[in-house]
Structure formats: C-alpha cells, structure tokens
Amino acid sequence: MISYWLLLFFIIIFSSLLVVILVFVFRISSFAEYKRTIVLTFLIPAIGLFLYITFGCLNIAVVKNDETVSRYILVYDTTYKLENGIVLTVSFQNEKSTSIIINDTATPIFFDLIGYSKKGNNSIEYGHKDILPYSMNSVTQYPDYLFSDPPQEVTVSGSNYAATDLVVKGWLHKN
C-alpha cells in the first residue's frame, strides 16, 4: 500500500524534473513559454493521477483505536499486519469493490450507505455493513463521512444528464 500523499509527492517531484529537462532541452527563454511549459507539465500528470486513482486503484481506509482513518491506495498486492498480530493479504481479487476498510480496533464499526434524492433532497438508508474487529471488508464506495454524523440533506446536481435520481454517500461510524 502506498500513502495517498506519498504518491502525490512523487508525481510533483517527477513533474518538476520534467519541467527542468524541458526548459534546458528546448532552451525556453520567454516567460510566457516557460509558464505554459510548467502548467502543462504539472497538468498532465495531475490528470493522469486523478484518472489512475479513480479508476485503476483500490482505496483503503485503515481505522485505528483513536478513530483516525488513514487513507492508502493499493497499487500492488500486499500484506497488512493488524495490532493483534494477524497478517491480512490485500489484493485486487474483488473487482466489484472500489474500497477496502480495515478495522484495526477491538470494537466493531459500521458502514452505512445513505442515499440523497434529487427530488425533495431527503436522506434514506441505502445499505448497511457490520465490520468486525480486526478484519478487512470490501465496500462499494470509500466513506464520505468518517466518525461524524452525516447531514440530513446535501446539494445534489439537478442536471438532466445525471444517470439516476439518487446520490449515495458512505458513512463510517461506531454506533
């Protein structure tokens, strides 16, 4: 597992090196060309990173005892050692899940899906999953609300191009 911020750091370093190489290779001297080169050099990797994280990676939420959640991105199959000594194998085997929640605590936690309707903007419970202590679970969506109460309503786009009339948000909580 690679930390989300570590991956972003490597993208920025790679982009910076690419800017320096492009400036020296093409002997860019005007400020406008230099500015355009910097923008394109950072924009292309940023878009690539966004697409890769959104569609190509498996997001992992690791819950610790003090209700902190660390976000990781699964780039390759790996293992994770829990506080109680159990070693979990984390892999891409479940293609239907877009996220994994690892409960590294001694207490159970819950993952609820809450649907927000575009018509009337009412919240309804859309799904529920119990996550046992010291376990790993696949879920269909990364949690939007972590150990805080979700709002009763959210701003939902009223676009005619939206696929459904329901926006689903994830809620990770203890009780």
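Only a predicted model underlies this, so the values are computations on that prediction, with no experimental measurement involved.

J.: Talk me through the overall build of the protein chain; I want residue IDs and the actual numbers.
T.: Scanning the protein chain from terminus to terminus reveals two helices and 11 strands. Here the protein chain, with 175 residues, has 33% of them falling under the buried criterion. Put simply, 64% of the contacts in the protein chain that link residues at least 6 apart link residues at least 24 apart. With the model as given, the accessible surface of the protein chain reaches about 11,100 Å², and the carbon-plus-sulfur share is 61%.

J.: Break down the environment of Asp 66 for me, with residues and values.
T.: Mapped onto the elements, Asp 66 comes out in the loop between β2 (58–63) and β3 (69–74). Measuring from C-alpha to C-alpha, the distance between Asp 66 and Thr 105 comes to 8.8 Å, with 39 residues separating the pair along the chain.

J.: An account of the side chain of Gln 141 is requested, with residue identities and associated values reported.
T.: Structurally, Gln 141 is set in the loop between β9 (135–139) and β10 (145–146). Within the local environment of Gln 141, its side chain forms a polar contact with the backbone oxygen of Val 168, the two atoms lying 2.9 Å apart. Not counting residues up to four positions away in its chain, the partners in contact with Gln 141 are Thr 98, Ser 99, Phe 111, Leu 113, Val 168, Lys 169 and Gly 170.

Cut-offs used in this document
- Residues numbered from 1 in each chain as written.
- Predicted model: local features only at pLDDT ≥ 70, side-chain atom pairs only at ≥ 80, totals over all residues.
- Heavy atoms only, no water.
- Helix = DSSP H or I, 4+ residues; strand = E, 2+ residues; numbered from the N terminus.
- Buried < 20%, exposed > 50% of the residue type's maximum accessible area, 1.4 Å probe, protein only.
- Contact = heavy atoms within 4.5 Å.
- Areas by Shrake-Rupley, 256 points an atom, 1.4 Å probe, with all protein chains shown as cover.
- Polar contact = N/O pair within 3.5 Å; in protein donor to acceptor, adjacent residues only side chain to side chain.

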